[in-house]
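Tertiary structure, described
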Amino acid sequence: MKAEMVRRAPAVFLIVALGILSILQHGQVTAEELIPENFSVVAQTGINTMYANLETGEFVIQQDDGYLWWSNPPERDADRIARGIPKMELSAQLIVGYRDSLERTYTVNSQTGSVNRSGVSVEPINQGIRVIYDFPRDHITIPVEYTLQEDFLEARIVTDEIVEGEDSFVASISLLPYFGAGSQDDEGYMLVPDGSGSLIFMNNGKIFADAYREPVYGSDSSIAPVIQRVQKEDIRLPVFGLQKNGRGFLAVMTEGESIGYVNAWVAGKKAGYNTVYPEFLYRQVESLLLLERSFWAQEVEVSARNISAVEAVAVRYYFLPEEQSTYVGMGHKYQSYLVEEKKLLPSEYVESYPLYLDLYGSVDLTKSFLGVPYKSVEPLTTYDEAAEILQTLQDSGVEEMAARYLGWTAGGPTNEKIPVKVKPERKLGGKQGFLDLLTFADSLNIPIYPSLDLVQFQKSGRGISRFFHSAQTINRAPAYQYSYKVSTMLKDKKEKPWYLLSPVRLPEIVEKSAASLQGLGSSKLALEFFGSRVYSDFKTVDRGAAVEYFVEALEYLSQETSSILMETPNDYALPYLDHAVGVPVQSSGFDITDDSVPFYQIAIRGYLPYSTPSINLHSDPDRMILKALETGSSPLFTLVAKDPSVIKESRYDFLYSVGFDYWEQWIIDNYKMLAEVLTQVAGEKITDHRRLAPDVYETTYGNGIKVIVNYGFSDRVLEGNRIPQRGFIMVGGVN
């Protein structure tokens, strides 16, 4: 009987497809009439109902107004694009990648490998179903629980209960690859959290572009790529979303997000559907270059034998009311999640609009004497000069500032050793000069955030061994970090590599470093790479569990310091911060994507003050000023007091044009212009954002003020407003 029901399922859905077509021709019927008879009610809340096929594990969610979200497209049998395996994947809830002992790769989906082989079993549980997907030929069993809560569906893979065969090692699991997918007749978009956020319009025709597939929190730094193929923005927030015909959902990875990927493609690529979905790496994979310097060099992949340490991976699908089914509504829903689940609280600085400064105190350069190389610390902004910059800007009318001070410790910004004992650099003014700077800045009411890198180092010392306490690769070698050549995209072997501190050592290190910094009179701290990089130590902890150590360290630091500033923070760091700088204002611009949106800013606005990436390090500073206006960001500038030509042709040559004398008046003029507008919306949430025309965007704030930005090179007249080329207007507020 069970096999018979499985064979009948495609026919049932063909009938559903024909029924939907009939509705379009003859009028409406109720949502219940669209649900096949072999689907039963398995869960209900005040606003949603869940129906499931207890033979196959397929399900559908009905919202209170009748709108339906299907686990698999109901009209999929009519799809004429998908063939073979892609056709069967339309009926699958899982796509599983696995390897054998010879590192050969295989892919199987739950429809062909489990349902069609009578391997699936479904049992009702509280508020949902538990589906056991047994793959008899592949010797793999994966349990998944689908439960309905008040306003979301949770899909949870119980990784602790995954069973593998003797020669079948699960590498990855894609979950609900076609949930809510849009057909070629649907309109809408997929939201991917690339950089600030990016939209992929349904049916955009980009079938020859690479599908979107990016890791949450960026690549694992313990797995250094053989070739650095492209510079791109990372995923900072473990979310994705979909809007179809005016209805939408926001999906949040709530467990196992650090081993997660976000995937998306458009109709015509593999099938006649537009979809976005999560994938989880059950085992990490490392690329190695064999015979690297020979003609026979070959890149090979090696997978970890140990599984991820996460107990489960889970995704919540929040179903949005029609009026909130936009990427702005998705951002508001995610903000609610951060507040309710992650305990995000408003920063004491949230209603301010500061000018952010990155001041470089010194850099470490390699020089030579009689042909012998040696390290030299080159001062760029002494403690006295830093005070002068702050005083000059304040005297010029810049009323609010916050400064991050980099390269202020002995030896410059590159850690030879982990700074468990912090000492100010003698060439910048020594300990007394540093104390005087803090006192002076405090008198101006300008917070100074001394910056520390607590994860990267080059030498053993201070109780940390580069062999025993550094992160290791899958092959148990130190996870060397390299610079990459721009010309070849290969590792630059002339530059000295560095190490990453094992995540398990972080809580111990931050305790010592915080105590040392407090001894210098600073209660504020800027952390480099800390909240923006997640990596494994394959000797002790994988990426899945590494986040726990970063969070533990942040919890301690938030109690021991008065304020923390961080650059491009990932979601788990947000509850511990007072400032987020360098927040991306655009996406990577992958071929498959269509537009950048300020999803990140929408999600944190009203809780954290945030800045653009450094404006004067960008190739088009004027465009970055407009980005600040569109996203409601404070501007960030990187500055040095001395002539930066001394760093020409060094690894710090990105600082070549950041002299304060050159940028002083430009910074003052542009900050005043930005502040005139954005102080009027400080602390206000973004309530709407939309593209009015190509290169023209409108942002609306909680108090009704609108800012319209024109990135184009000609004036535009839209909705009765003239927006100057490469300019903006403010509607409402005080001009």
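Our structure is the block above this text.
In this report, the structure presented in the accompanying data block is examined. (Residues numbered from 1 in each chain as written. Predicted model: local features only at pLDDT ≥ 70, side-chain atom pairs only at ≥ 80, totals over all residues. Heavy atoms only, no water.)

Focus on the overall build of the chain
Rule in force here: Numbering of helices and strands runs from the N terminus, with a helix taken as a DSSP run of H or I at least four residues long and a strand as a DSSP run of E at least two residues long. Only C-alpha atoms enter the radius of gyration; for comparison, a globular chain is expected to reach 2.2 Å times N to the power 0.38, where N is the number of residues. Type-normalised accessible area, obtained with a 1.4 Å probe on protein chains alone, sets the label of each residue: buried when under 20%, exposed when over 50%, and partly exposed for intermediate values. Contact criterion: two residues are considered in contact whenever any of their non-hydrogen atoms come within 4.5 Å of each other. What sets the accessible areas is the Shrake-Rupley method with a 1.4 Å probe; for residues, cover comes only from the shown protein chains. Neither His nor the chain termini are counted; the positive set is Lys and Arg, and the negative set is Asp and Glu. Every charge is mapped onto a representative atom, which is NZ of Lys, CZ of Arg, CG of Asp or CD of Glu.
The helix and strand tally for the chain stands at 11 helices and 41 strands. For the chain, the C-alpha radius of gyration of 27 Å lies close to 27 Å, the compact-globule estimate for 735 residues. Here the chain holds 735 residues, and 59% of them are scored as buried. Taking as baseline every contact in the chain between residues at least 6 positions apart, the subset at least 24 positions apart corresponds to 67%. Counting only carbon and sulfur atoms, one obtains 48% of the accessible surface of the chain, whose full area is about 29700 Å². Charged side chains of the chain number 67 positive and 96 negative; the gap between the two group centres comes to 7 Å.

Observations concerning empty space enclosed by the protein
Inclusion rule: Buriedness of a pocket was judged along seven lines, with at least five required to meet protein on both sides within 12 Å; pockets are open sets of points on a 1 Å grid over the protein atoms alone, cavities are sets where a 1.4 Å probe fits but cannot get out, and lining residues have an atom within 4 Å of a point. Grid points are joined across faces, edges and corners, and a volume is the space filled by probe spheres set on the points. Residues are grouped as follows: Ala, Val, Leu, Ile, Met, Phe, Trp, Tyr, Cys and Pro are nonpolar; Asp, Glu, Lys and Arg are charged; all remaining types, including Gly, are polar.
Counting across every chain of the model gives three cavities of 30 Å³ or more. Considered as a void within the structure, the largest cavity measures approximately 100 Å³ in volume. Forming the walls of the largest cavity are 13 residues, and the residues nearest its centre are V350, S352, R605, P609 and G632. For the lining of the largest cavity, the class distribution of residues is seven nonpolar, five polar and one charged. Looking at the second largest cavity, its volume works out to about 70 Å³. The wall of the second largest cavity is formed by G407, T409, G412, P413, N415, P419, S451, L452, D453 and E528. A class-by-class count of the residues in the lining of the second largest cavity yields three nonpolar, five polar and two charged.

Quick word on the nonpolar core
Threshold: In plain words, nonpolar cores are sets of buried Ala, Val, Leu, Ile, Met, Phe, Trp, Tyr and Cys residues tied together by side-chain atoms within 4.5 Å.
Ranked by internal contacts, the top residues of the largest apolar core, which has 184 residues, are Y146, Y317 and F530. If one sorts the elements of this core by residue count, helix 11 (residues 660–678) sits on top with nine residues. Among the nonpolar cores identified, the runner-up in size contains 10 residues, and L406, I647, Y652 and V658 belong to it.

Here we look at the packing of aromatic side chains
In plain terms, the rule: By convention, a stacked pair of Phe, Tyr or Trp rings (six-membered ring in the case of Trp) has centres within 6.5 Å and planes under 30 degrees apart, an edge-to-face pair has planes over 60 apart, and any other such pair is tilted. In our convention, an over-ring charge means Lys NZ or Arg CZ found within 6 Å of a ring centre and within 35 degrees of that ring's normal.
For the structure on display, the rule yields 35 aromatic pairs. Judged by centre distance (5.7 Å) and plane angle (65°), the ring pair of Y383 and F434 falls under edge-to-face. Of this pair, Y383 sits in helix 5 (residues 383–395) while F434 sits in helix 6 (residues 430–443), placing them 51 residues apart in sequence. Taken individually, Y383 and F434 each receive the classification buried, so the pair is uniform in this respect. Chaining the aromatic ring pairs together yields one cluster made of F59, Y67, W69, Y146, F179, F240, F249, Y317 and F319. Looking at R213, its charged tip hangs above the ring of Y261, at a distance of 4.0 Å from the centre. For the cation-ring pair, R623 lies above Y711, with the distance from its terminal atom to the ring centre recorded as 4.4 Å.

Concerning the pattern of salt bridges
Rules: Each salt bridge in this description consists of a side-chain nitrogen of Lys or Arg and a carboxyl oxygen of Asp or Glu lying within 4 Å of one another.
Enumeration according to the criterion identifies 31 salt bridges in this entry. Here R130 ties to E145 by a salt bridge, and the two come within 2.8 Å at their closest N and O atoms. With R130 in strand 8 (residues 128–135) and E145 in strand 9 (residues 140–148), this residue pair connects regions lying 15 residues apart in the sequence. The salt bridge involving K206 is made with D594; its shortest N-O contact spans 3.0 Å. Linking K206 in the loop between strand 14 (198–201) and strand 15 (212–215) with D594 in the loop between strand 32 (579–581) and strand 33 (595–596), this pair joins segments that are 388 residues apart in sequence. The exposure class of K206 is partly exposed, given its relative accessible area of 24%. Within this structure, E214, K232, D234 and R236 form a network of salt bridges that share partners.

Quick look at helix 8 (residues 543–560)
We apply this condition: By definition here, a helix of n residues has an expected span of 1.5 Å times n minus one.
The terminal C-alpha atoms of helix 8, which comprises 18 residues, lie 26 Å apart, in line with the 26 Å expected from a rise of 1.5 Å per residue. Residues R543, G544, A545, A546, V547, F550, V551, A553, L554 and L557 constitute the buried set of helix 8. Looking at the buried positions of helix 8, the neighbouring elements they touch are helix 7 (506–518), strand 30 (524–527) and strand 31 (563–567).

Brief notes about helix 10 (residues 621–631)
Most of helix 10 is tucked away, with nine of its 11 residues classed as buried. Taken from the residues just after helix 10, G632 is the one with a positive phi, measuring 70°.

Let's talk about the sheet that holds strand 33
Formally: In this scheme, strands are said to pair when DSSP sees at least two bridges between them.
Pairing in this open sheet of 10 strands is antiparallel, and the strands run 7-8-9-10-22-17-16-13-14-33 from one edge to the other. Two strands in the sheet have a free side with no partner beyond their single neighbour: strand 7 (120–125) and strand 33.

Focus: the packing of helix 7 against helix 8
Selection criterion: Orientation is described by lines fitted to C-alpha atoms, with helices fitted over the stretch in contact, and by angles between N-to-C directions that extend from 0 to 180 degrees. Working definition: roughly parallel below 35 degrees, roughly antiparallel above 145 degrees, roughly perpendicular at 65 to 115 degrees, and oblique for all remaining angles. Working rule for handedness: look at the near helix, and if it is turned counterclockwise from the far one by less than a right angle, call the crossing left-handed; if clockwise, right-handed.
Direction vectors running N to C along helix 7 and helix 8 enclose 20°, while the axes themselves pass 9 Å from each other. If you check the angle between helix 7 and helix 8, you find them roughly parallel. Judged by the sense of rotation from one axis to the other, the crossing of helix 7 with helix 8 is right-handed. Between helix 7 and helix 8, the contacting residues are L506, P507, V510, E511, A514 and Q518 on the first element and Y549, F550, E552, A553, Y556, L557 and E560 on the second. In terms of residue class, the contact of helix 7 with helix 8 is built from nine nonpolar, one polar and three charged.

A few points about the sheet that holds strand 1 (residues 40–44)
Hydrogen bonds along the backbone pair up the strands of a sheet, which may run parallel or antiparallel. Strand order in this open sheet of four strands is 1-2-3-4, and the pairing throughout is antiparallel. Unpaired on one side and paired on the other, strand 1 and strand 4 (68–70) mark the two borders of the sheet. When the angles between neighbouring strand axes are averaged without regard to direction, this sheet yields 25°.

Details of the pairing of strand 36 (residues 686–693)
Pairing geometry for strand 36 and strand 37 (residues 696–701), over six bridges, is antiparallel. Following the sheet pairing, R690 is matched in strand 37 by E698.

Side note on the environment of K706
Within the secondary structure layout, K706 lies in strand 38 (residues 706–710). Classification of K706 as partly exposed rests on a relative accessible area of 29%. Residues K706 and V717, spaced 11 residues apart in sequence, show a C-alpha to C-alpha distance of 16 Å. Discounting chain neighbours no more than four positions away, the residues touching K706 are E698, T699, T700, I729, M730 and V731.

Here we look at unusual backbone geometry
Phi is mostly negative for residues that are not glycine, and the peptide bonds are mostly trans. In this structure, H139 is a non-glycine residue whose phi angle is positive, near 60°. Within the secondary structure, H139 sits in the loop between strand 8 and strand 9. We note that L176 has phi near 50°; this positive angle belongs to a residue other than glycine. Relative to the assigned elements, L176 resides in the loop between strand 11 (169–175) and strand 12 (182–183). Looking at L176, the relative accessible area reads 0%, which means it is buried.

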